[in-house]
Amino acid sequence: MELILKKIEVFQSQKKTRKQVQIKLYFFLALVLMLLLVSACAAIIVPYDPYAQDLSIALQAPSSEHLMGTDRYGRDMLSRVIMGGQTTIFSALLLVMIITVFGTLVGVFCGYSGGKTDAFIMRVSDVFLAFPGMVFAIAVAGVLGGGIINAVVALACISWPKYSRLARSQVLSVKSMPYVSAAKLSGSGPGKVVFKHILPNIVGPILVTATLDIGTMMMELAGLSFLGLGAMPPIAEWGSMMSNGRSMLQTAPWVILAPGLAIFVTVMLFNLLGDTVRDALDPKIK
Amino acid sequence: MSKILEVRQLVKEFSKGSKTIRAVDDVSFDVCSGECLGLVGESGSGKSTIAKMITALESPDAGGIFLDGKGITGLKGREQRAVYKDIQMVFQTPTDSFNPRLKLGDGIMEGMINHGISRPEARKKMLETLKICGLSQEYADRYPHQVSGGECQRASIARAIVVNPKLLICDEATSALDVTVQAQIVELMRQLKSENHMAYLMICHDLALVQQLCDRLLVMYQGKIVETGTPDEIIMHPREDYTKRLIDSVF
């Protein structure tokens, strides 16, 4: 008996408290905001012009002058990484925002209305889900041509069905709850039922998925850029910077490591934020 | 006594694969003003489906439902919402019947605001009704998960009676609560019954409770009404085989 009590105590102390989660959430939020701020003000804080070429200092190793070294055109890598963050992070955020809002609205509509429209739209989204994502994105980006905006459009085309499926399944489970019936009995119309009673109760999982997706989308955008279908040179973008440096991995590793590290840190940060958001929205944590 | 609700030859079928099940099979009954009508039967006998059809959460396959002589089946939008001024329901699971993201008070006021009552007035009425249902003012600002099941069911009753409906449907309103809390809720209902002139439709499988509250009883079995009468008549002298079995299973 004593042993069981002790075990329960240990278990309870391991359980995250609401306060711990909140502190963690604020910490990661602060880091992400800092990252966003740095990216937004990139043009002001870069030590060198990220586009100025100087072949006399090409491929220099990291030094006190150039903290991350220089690339083959003599451009300062640190400045390019900071500048590249702007392109990569904000296009990933834009992308996630588009697919979250669009996918959720489609899913909520389908789940709530049901019937033939629902079946039709869900089959359409099945078609999108049937293709391997990256291959489809390459095809779309290939048709639309290069450029970061086209890369965002290409990834948006293939990513929204995930959200509509999620939102739809959530709506289906919430739709039959007594409080939705009670809201109808209170004389609320369909709009009010959806936006006041259903959406606030399904937004949690969607928000978590969206936050976790920022990292994934960033990787996919960088991937498209790496393949030459995203940001066009000379625009600083982490994926295309890595692509440019890949031939020099053995001679000048910093050219590929600097943007690679930036992607690694940023993706991890957004993933940690996503995890924490999930914990924070978990009603079971007291 | 005037009839408030008339249900005529109501039919509802559910198809399960190739099989069709008649959940409600040619059911007719009346509810008079000030009356408390009990609807008893085992699970799956179609009691809740009737409640859902009266409140338009399900649409009947055949038959009619009349409120004060006017047909209320197949109404849409504004007309349907007007009916909800007169018909209200208390649900089986109290905590689930309130939106977890809204305060109890807001849930109770929603109906009044939808029917065009101003917010301060609605709040005043809501607090009064909470008091009638035995809850203090603080409960208005609590969330459903912060109160007990019994308290939540009181709030749920408050939400139903705050718009002064003519008919209150209680769909197993006490079966999710434990026995002592059940008794309190029954006491509250009895008190409301003596004070207001609402008609009640009590859906229940607890015969003892029905005996305490109801003036008249309908026994349902496999979608059909098999017996009607006063609770004492039915419990003491059941005519149908099924009713006998139902009573034997309790006593």
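Residues numbered from 1 in each chain as written. Chains lettered and ligands numbered in written order. Predicted model: local features only at pLDDT ≥ 70, side-chain atom pairs only at ≥ 80, totals over all residues. Heavy atoms only, no water.

Helix and strand content of chain B: nine helices and ten strands. Whereas a compact globule of 251 residues would reach a radius of gyration of roughly 18 Å, chain B reaches 18 Å, a difference of no more than 12%. With respect to the principal axes defined by its C-alpha atoms, chain B has extents near 55 × 40 × 40 Å. When burial is assessed residue by residue, chain B has 50% of its 251 residues classed as buried. Considering only residue pairs separated by 6 or more positions, chain B has 66% of its internal contacts joining residues 24 or more positions apart. In the structure as shown, chain B presents an accessible area of about 11600 Å², 47% of it carried by carbon and sulfur atoms. (Helix = DSSP H or I, 4+ residues; strand = E, 2+ residues; numbered from the N terminus. Rg over C-alpha atoms; globule rule 2.2 N^0.38 Å. Buried < 20%, exposed > 50% of the residue type's maximum accessible area, 1.4 Å probe, protein only. Contact = heavy atoms within 4.5 Å. Areas by Shrake-Rupley, 256 points an atom, 1.4 Å probe, with all protein chains shown as cover.)

Bring the parts together and some accessible area is lost; that lost area is often taken as the interface size. Each partner contributes to the interface: chain B provides 20 residues, whereas chain A provides 18 residues. Its largest share of buried area at the contact with chain A, chain B owes to Asn99(B), Arg101(B) and Glu110(B), together 29% of the area lost on that side. The tally of links from chain B across to chain A stands at zero salt bridges. Taken together, chain B and chain A are joined by eleven residue pairs in polar contact (both at pLDDT 80 or more). No other element matches the three residues that helix H3 (residues 104–114) of chain B contributes to the side of chain B that touches chain A. Residues belonging to the side of chain B that touches chain A are distributed by class as follows: seven nonpolar, eight polar and five charged. (Buried area = accessible area lost by both parts, 1.4 Å probe. Salt bridge = Lys/Arg side-chain N within 4 Å of Asp/Glu carboxyl O. Polar contact = N/O pair within 3.5 Å; in protein donor to acceptor, adjacent residues only side chain to side chain. Nonpolar A, V, L, I, M, F, W, Y, C, P; charged D, E, K, R; others polar.)

This paragraph deals with the pattern of salt bridges. Residues and elements named next belong to chain B. Within the structure shown, the criterion is met by 21 salt bridges over all chains. Of the charged contacts, one joins Asp68 and Lys166 as a salt bridge, the two residues approaching to 2.7 Å between their closest N and O atoms. Linking Asp68 in the loop between strand S4 (62–67) and strand S5 (70–71) with Lys166 in the loop between helix H5 (149–161) and strand S7 (167–171), this pair joins segments that are 98 residues apart in sequence. The exposure class assigned to Lys166 is partly exposed, which follows from its relative accessible area of 33%. In this structure, Arg190 engages Glu187 in a salt bridge whose closest nitrogen and oxygen atoms are separated by 3.6 Å. You can see Arg190 and its partner Glu187 sitting in helix H6 (residues 179–195), three residues apart, about one turn around the helix. With relative accessibility at 43%, the residue Glu187 sits in the partly exposed group. Put simply, Lys3, Glu6, Arg8 and Asp30 are held in one network by salt bridges that share partners.

Counted under the stated rule, the structure contains six aromatic pairs over all chains. Taking the centre distance of 5.5 Å and the plane angle of 80° together, the rings of Phe102(A) and Trp160(A) count as edge-to-face. One end of the pair, Phe102(A), is in helix H4 (residues 77–113); the other, Trp160(A), is in helix H7 (residues 148–175), and 58 residues separate them in sequence. The exposure class assigned to Trp160(A) is buried, which follows from its relative accessible area of 10%. Aromatic rings pair up to connect Phe102(A), Phe128(A), Phe131(A), Phe136(A) and Trp160(A) into one cluster. It is Arg159(B) that lies over the ring of Phe98(B); its NZ or CZ is 4.2 Å from the centre. (Phe/Tyr/Trp six-rings, centres within 6.5 Å; stacked < 30°, edge-to-face > 60°. Lys NZ or Arg CZ within 6 Å of the ring centre and 35° of its normal.)

Residue and element names in this part refer to chain B. Reading across from one edge, S6-S7-S8-S3-S9-S10 is the order of the six strands in this open sheet, with mixed pairing throughout. Whereas interior strands pair on both sides, the edge strands pair on one side only; in this sheet they are strand S6 (87–90) and strand S10 (224–229). For this sheet, the mean angle separating the axes of adjacent strands, direction not counted, is 20°. For S6 and S7, the ladder comprises four bridges, and the chain directions are parallel. (Pairing = 2+ DSSP bridges. Axes fitted to C-alpha atoms, helices over the stretch in contact; angles between N-to-C directions.)

Bringing the packing of helix H9 (residues 190–226) of chain A against helix H10 (residues 238–245) of chain A into the picture now. All names here are of chain A. At a minimum axis separation of 7 Å, H9 and H10 run at an interaxial angle of 45°. Put simply, H9 runs oblique to H10. In terms of crossing hand, the pair formed by H9 and H10 is right-handed. Between H9 and H10, the residues in contact are Met218, Ala222, Ser225 and Phe226 and Trp238, Gly239, Ser240, Met242 and Ser243, respectively. In terms of residue class, the contact of H9 with H10 is built from five nonpolar, four polar and no charged. (Parallel < 35°, antiparallel > 145°, perpendicular 65-115°, else oblique. Left-handed = near helix turned anticlockwise from the far one by under 90°.)

Turning next to the sheet that holds S5(B). One open sheet accounts for four strands, arranged S2-S1-S4-S5 (chain B); its pairing is antiparallel. The sheet is open, and its two borders are formed by strand S2 (19–32) and S5 of chain B, each paired with just one other strand.

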